[in-house]
Amino acid sequence: LLISAISFSQKGYVPAQENLENRKQFQDNKFGVFIHWGLYSMMADGEWAMNVKKINYSEYSKLAGGFCPSKFNAKQWVADIKAAGAKYICITSRHHDGFSMFDTKQSDYNIMVASPFKRDVLKELADECHKQGVKLHFYYSLLDWGRPDYNPNGELIVKEGENKKARWETYHQFMLNQLKELLTNYGEIGAIWFDGAWDKSKSFDWKFDEIYSLIHLLQPGCLIINNHHWDALQGEDAQAFERDLPGQNTAGFSAGANIGQLPLETCETMNDSWGYKITDKNYKSEKSLVQYLVKAAGNNANLLLNVGPRPDGTLPDTAVARLKAMGDWLKSYGETIYGTRGGPVGQRTWGVTTTKDNRVFVHILNSQDKALFLPLPGKSIKSARVFINNEPVKFVQQREGVLLLLDKTPGDMDYVIELRF
Ligand code: JFZ
């Protein structure tokens, strides 16, 4: 396949049958684990360390010579992530620092050539994911702090005068070549998750048409997700919301994004960092993580929850403990999350609802009231029960909805009432 020969466009993009099936499965899966792992993990100060600390690029790249995550064990990672109840993994194939965590022929700045480790961790992870039935997504940065042909805005990387020599074409070709490798050498890939488009103005031409065409040509089922914070573009298969539930904009990233028709995904950190940060102990509680997953589901979105592995290749203990806790909760309550869609009642201060077939799950996350009115005009309810023990819940059917009368004040992490219609 000659990439240079690809010129067709995504205008009028019609997703292939397997793409539509993957979109449905993606939505059914509801919960994925995000992994930010790279040279920056060695600095233990987040994935932006080079930029934040204004480290010269050639100095930073020397980290590769010491990157030897001898405790990396793909089997263990996938087992821990499965135990969390997560159904997919999205891992950084190459972050903004430009270091490729896979066997690429497009640059020597990669784990096989520049590090003493010389193991293709993405390949090991891909094989293990396929073995254990977990979908694998690749994060791919559009922005590169090191390549002069990316023409970064940051003067700290590009020497004076070098900007002028930047040739965007070679960078674009480099990305196409790497994406071809990622979609050829690692079996079935669930999604490519782009990031970094926000580095340029909205009018900048990334030639997504060509990039997306290549991906859909190589793997028509592969979902394209782009964390650009705008409305979805032609050719994309799902819409990402960074550190916010769809429709919210508390992190200030998603102001330009309306909720579209595509599957939705919210990504969030488990502590306050994406890449490993040794001082960051600010882990969200088990309760707030479970509740965030529930709220995402209630808002018809997936949760992509991040962990930042240590430079030795292991997941931080607290992260593993939190994943385990979520998995334990999902063992009991997964039925009210997996395979559901958000609604019919939108998010309220007391919680959210999810739906599957003729059932509605009322997730009471925060309420001291024994009475709860659900606006469900025109719907008549057959039964209401406490999900976990099937005990009947009294209800009063009204024209505009149903009034639930609980025996006790809901106090759990998530008190779930199942309604049948
Ligand atoms: C991006 C990355 O920069 C970050 O390192 C991480 O990978 C995260 C998942 O995605 O985060 C952003 C995205 C957007 C902006 C800043 C950071 N922005 O719009 O300024």
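Predicted model only: the values in this text are computed from it and were never measured.

Reading guide: rules and limits
Residues numbered from 1 in each chain as written. Predicted model: local features only at pLDDT ≥ 70, side-chain atom pairs only at ≥ 80, totals over all residues. UniProt positions renumbered as here; feature names shortened; annotations may be inferred. Helix = DSSP H or I, 4+ residues; strand = E, 2+ residues; numbered from the N terminus. Buried ≥ 20, exposed ≤ 12 C-beta atoms within 10 Å, placed from the backbone. Contact = placed C-beta atoms within 7 Å. Near = placed C-beta within 6 Å. Nonpolar A, V, L, I, M, F, W, Y, C, P; charged D, E, K, R; others polar. Domains from an automatic or database assignment. Pairing = 2+ DSSP bridges. Axes fitted to C-alpha atoms, helices over the stretch in contact; angles between N-to-C directions.

### As for the UniProt feature "site: May be important for catalysis" (unreviewed entry) in the protein chain
Part 1 of the reasoning: Per the UniProt record, the feature "site: May be important for catalysis" (unreviewed entry) sits at Cys267.
Part 2 of the reasoning: Among the secondary structure elements, Cys267 is positioned in strand β7 (residues 264–269).
Part 3 of the reasoning: In this structure Cys267 comes out as buried when scored by C-beta crowding, with 24 C-beta atoms within 10 Å.
Part 4 of the reasoning: Not counting the four nearest positions on each side in its chain, Cys267 is found in contact with Phe34, Ala240, Glu242, Arg243, Leu304 and Asn306.

### Some remarks on the site of the ligand
Part 1 of the reasoning: In the neighbourhood of the ligand, the contacting residues comprise His36, Glu47, Trp48, Asp195, Trp198, Asn227, Glu242, Phe253, Cys267 and Trp274.
Part 2 of the reasoning: Classifying every residue of the shell around the ligand gives 5 nonpolar, 2 polar and 3 charged.

### Remarks on the domain arrangement of the protein chain
Part 1 of the reasoning: Partitioning the protein chain into domains gives domain 1 (2–340) and domain 2 (351–420).
Part 2 of the reasoning: A separation of 37 Å is found between the C-alpha centroids of domain 1 and domain 2.
Part 3 of the reasoning: Elements with a minimum of two residues in the side of domain 1 that touches domain 2: α10 (286–298) and α11 (317–333).
Part 4 of the reasoning: At 7 residues, the largest contribution of residues to the side of domain 1 that touches domain 2 is made by α10.
Part 5 of the reasoning: Residue composition of the side of domain 1 that touches domain 2, by class: 5 nonpolar, 7 polar and 2 charged.

### Let's talk about the sheet that holds strand β8 (residues 301–307)
The strands that make up a sheet pair up through hydrogen bonds in the backbone, lying either parallel or antiparallel.
Part 1 of the reasoning: Judged by pairing direction, the sheet is parallel, and its 8 strands sit side by side in the order β5-β4-β3-β2-β1-β8-β7-β6 without closing on themselves. On the outer flanks of this sheet lie β5 (223–226) and β6 (239–242), each paired with one strand and no other. Taken pair by pair, the neighbouring strands of this sheet meet at an average axis angle of 25 degrees, ignoring direction.
Part 2 of the reasoning: Where β6 and β7 come together, 4 bridges link them in parallel fashion. Residue Ala240 lies in a different strand from β7, and its bridge partner there is Glu265.

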